[in-house]
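Secondary and tertiary structure notes
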Amino acid sequence: MISGAEALIRSLLAEGVDTIFGYPGGAIIPVFDRLYDYKDRLRHILVRHEQGATHAAQGYARVSGRTGVVIVTSGPAATNVITGLSDAMMDSTPLVVITGQVGSELLGSDAFQETDVIGITQPVTKWSYQIRNVEDLRWAVARAFYIASTGRPGPVVLDFAKNAQVAMMEWRGYKKCHFVRTYEPNPVINDADVERVAAMIDKARRPLIISGHGVEIARGEKELLALAEKAQVPVTTTLLGLSTIATDSHMFKGLVGMHGNVAANVAIGECDLLVAVGLRFDDRVTGDPAHFASQAKIVHIDIDSSEFGKIITPDATIHGDAREVLARLVDKVSPARHDEWLGSFDKAWKIETEKVINPELNDKSRINMGCVARKVSEAAGYGAVLVTDVGQNQMLSARYFKYTAPRSIITSGGLGTMGFGLPAAIGAKIGAPDRTVCFFTGDGGIQMTMEELGVILQYGVAVKIILLNNNFLGMVRQWQELFYDRRFSETELVNPNFVMIANSYGIPAEDVETLDELDGAIERMLAHDGAYVLNVNIDPEELVYPMTPAGSPISTILLNKDERYEK
């Protein structure tokens, strides 16, 4: 006979869990008490805020491909995880979040630290369930891991009543879940759909692929490249799909969307067939949907059929796992050559290089964000994991970093959560201890979850932190400059001494004031065994270009304040 709390620990071990991110409290103490006896088998990372626990679990999950696990208490702890749940839901990240809850006899009585966790979390999870009876514990945990990790992944919440934690049960082993009635996570791929799309690819003269996060989730990177090379289809990506193809591949043609590359966005308006794999046609990708690839036939491949036709109406769909669909298409398509089409991207790349990239990399009078990202990526050998916060730092580091391995970019895409980056970088380093993790952040975002530096202090997590400091909420300031007559309302920041703060947590840090100092600072940061902070004082007036204004056609591209792209 064991308690429900111990049954939870044994169930987690049976699911292969080795790391938990969490924070104890009154309604979850029985679980943490039993965890005490399993320290040699189950590592717990004590975060400093429950939101940080969810983001750390996201970083862990995204880099490792495993399900992230969070355990927190009831009440304010449960409400503090909502942002992370929402973020994980939008970016299809598998999490199992376990919250403590008051005893079931007290539910509905406004007991101390009672909240309606199920009611609050249902809109932002794949499944939420309250465990009131200890006999439901193993069934609920098995179901939670199955639902979180299969199909289109996402977060699941188990609200664990305290009476069920302390109640005794007979342990009869653990059985993983492989089936839930009415839930079909692995759709059977329709052969006719594959044949139809293969024929469309064979017929196209200017085919184009957009690779999204679903390719990464399905581990379909090799199949993506095989299809691109066999059928000579250039590949663009969404923000979350960036590392699904190596950036030095001759088939990679850039990032699409609001802050995407000129060549990629122009190609959207010139292709005759657009094959979208594992993406949901976010508005930051499409711009004005009415003008998005309106001249082309559109194919949408996704494991979540609810995305079909939600934003863009496709001419053909394939419902299924991205890796499996791509593998079947590789077998079905005919070898092809599209030399003229592939060469057509060069003009747009040349324009972007002349109008955008060179000024950012070569202006010796200032330090630019793109320059910092490129130099860090080069010094790290193109094999590092990039983690970003949200804003200008996110867009420029994502675009200038180089990717040679899968699962190399972790960022908040759908929700755009400032504060995501620091805990996510910690989770990423824990999930991939042998990889260099470079975390790019702004001075606004890092102050939202800066308390998680305490995790680095306590556990020695070797995250390389590149703080692009312009004393502004940079992306909001950019919109104010471009669209609101430079009325900089509440975007200027008076910042603390970040080097002193880092040092107080035992983290070496240095200020970088000039471009001449940058290379040496990067070298010292990467050579150091542990965490390191570079506070890089960048040009406060730098804007992120290219840019498509919100709601405009994706081919409406600002190259700088005065110039637009002209075909």
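Residues numbered from 1 in each chain as written. Predicted model: local features only at pLDDT ≥ 70, side-chain atom pairs only at ≥ 80, totals over all residues. Heavy atoms only, no water.

**As for the overall build of the protein**
Note the following rule: Under the scheme used here, helices are H or I runs from DSSP no shorter than 4 residues and strands are E runs no shorter than 2 residues, and both carry numbers assigned from the N terminus. Atoms counted for the radius of gyration: C-alpha only. Globule rule: 2.2 Å times the number of residues to the power 0.38. Buried means the residue's accessible area, taken with a 1.4 Å probe over protein chains only, is under 20% of the maximum for its type, while exposed means over 50%, and partly exposed covers the values in between. Throughout, a residue-residue contact means that at least one pair of heavy atoms, one from each residue, lies within 4.5 Å. The charge count includes Lys and Arg as positive and Asp and Glu as negative, but it does not include His or the ends of the chains. Taken as the charge location is NZ of Lys, CZ of Arg, CG of Asp or CD of Glu.
Check the secondary structure of the protein and you find 23 helices and 20 strands. Computed over C-alpha atoms, the radius of gyration of the protein comes to 24 Å, within 12% of the 24 Å expected from 2.2 N^0.38 for 567 residues, which places it in the range of a compact globule. Across the 567 residues of the protein, 61% fall into the buried class. Long-range pairs, those at least 24 residues apart, make up 76% of the contacts in the protein with a sequence separation of at least 6. Separation of charge centres in the protein, based on 54 positive and 70 negative side chains, amounts to 5 Å.

**Topic: the pairing of strand β5 (residues 95-101)**
Selection criterion: Strand pairing follows a simple DSSP-based rule, namely that at least 2 bridges must link the two strands.
Among the seven residues in β5, seven count as buried, and that is most of the element. Neither face of β5 is open: one carries Leu95, Val97, Thr99 and Gln101, the other Val96, Ile98 and Gly100, and all of them are buried. The pairing of strand β4 (residues 68-72) with β5 spans five bridges and is classified as parallel. What sits directly across from Val72, in β5, is Thr99. Judged from the seven bridges that link them, β5 and strand β7 (residues 155-161) form a sheet pairing that is parallel. What sits directly across from Thr99, in β7, is Asp159.

**Quick word on the pairing of strand β18 (residues 464-469)**
Most of β18 sits out of view: six of its six residues are buried. Side chains Lys464, Ile466 and Leu468 of β18 all project onto a buried face; the interleaved residues Ile465, Leu467 and Asn469 project onto the opposite face, where all are buried too. Where strand β17 (residues 437-442) and β18 come together, five bridges link them in parallel fashion. Paired with Phe439 across the two strands is Ile465, which belongs to β18.

**Here we look at the packing of aromatic side chains**
Stated formally: Here the aromatic set is Phe, Tyr and Trp, taking the six-membered ring for Trp, and pairing holds for ring centres within 6.5 Å; pairs whose planes are under 30 degrees apart are stacked, those over 60 apart are edge-to-face, and all others are tilted.
In total, this model carries eleven aromatic pairs according to the counting rule given. The interplanar angle of 45 degrees and the centroid separation of 6.0 Å between the aromatic rings of Phe401 and Tyr403 together place this pair among those described as tilted. A residue is classified by how much of its surface remains accessible, and Phe401, at 2% relative accessible area, is buried. When its relative accessible area of 1% is taken as the criterion, Tyr403 is described as buried. Ring centres 6.3 Å apart and planes at 65 degrees place the aromatic pair Phe472 and Phe488 in the edge-to-face group. Of the two residues, Phe472 sits in the loop between β18 and α21 (474-483) while Phe488 sits in the loop between α21 and α22 (498-504), which places them 16 residues apart along the sequence. For Phe472, a relative accessible area of 15% translates into the label buried. A relative accessible area of 27% means that Phe488 is categorised as partly exposed.

**Examining the sheet that holds strand β20 (residues 532-537)**
Our working rule: The axes are straight lines fitted to the C-alpha atoms, using for helices just the contacting stretch, and the angles between their N-to-C directions are given from 0 to 180°.
In space, the six strands of this open sheet follow the order β16-β15-β17-β18-β20-β19, with parallel pairing throughout. Of all strands in the sheet, those bounded by a partner on one side alone are β16 (409-410) and β19 (509-512). The pairing of β19 with β20 spans four bridges and is classified as parallel. Paired with Ala509 across the bridge in β20 is Val533. Contacts from helix α18 (residues 392-400) reach β15 (385-388), β16, β17 and β18 within the one sheet, and its direction differs from that of β15 by about 160 degrees. Where helix α23 (residues 515-527) meets the sheet, it contacts β18, β19 and β20, and its direction lies at approximately 165 degrees from that of β19.

**So, the domain arrangement of the protein**
The cut-off we apply is this: Start and end positions for the domains come from either an automated domain assignment or a database one. Values labelled buried area give the accessible surface lost by two parts on being combined, using a 1.4 Å probe and summing over both. In protein, a polar contact means a hydrogen-donor-capable atom and an acceptor-capable atom, both N or O and within 3.5 Å, with residues adjacent in sequence counting only if both atoms are side-chain atoms; elsewhere, any N or O pair within 3.5 Å suffices. Three classes are used, and their members are as follows: Ala, Val, Leu, Ile, Met, Phe, Trp, Tyr, Cys and Pro are nonpolar, Asp, Glu, Lys and Arg are charged, and the others, Gly among them, are polar.
When the domains of the protein are assigned, the result is domain 1 (2-169), domain 2 (191-345) and domain 3 (367-537). A straight line from the C-alpha centre of domain 2 to that of domain 3 covers 30 Å. With 17 residues of domain 2 at the interface, the matching set in domain 3 holds 18 residues. Overall, the association of domain 2 and domain 3 removes approximately 1500 Å² of surface from exposure, summing both partners, and the carbon and sulfur fraction of that is 62%. On inspection of domain 2 and its partner domain 3, the count reaches five residue pairs in polar contact (both at pLDDT 80 or more). Class assignment of the residues belonging to the side of domain 2 that touches domain 3 gives a composition of seven nonpolar, four polar and six charged.

**Thoughts on the sheet that holds strand β11 (residues 252-255)**
What the six strands build is an open sheet, ordered β11-β10-β9-β12-β13-β14; its pairing is parallel. Where the open sheet ends on each side, the last strands, each with one partner, are β11 and β14 (316-319). On average, each strand axis in the sheet is tilted by 20 degrees relative to the strand beside it, whichever way the strands run. Across five bridges, the pairing between strand β9 (residues 207-211) and strand β12 (residues 273-277) is parallel. The partner of Pro207 across the bridge, within β12, is Leu273.

**Examining α21**
Buried within α21 we find Gly474, Met475, Arg477, Gln478, Gln480 and Glu481. Packing partners of the buried residues in α21 comprise α18. At the exit of α21 stands Asp485, carrying a positive phi of roughly 55 degrees.

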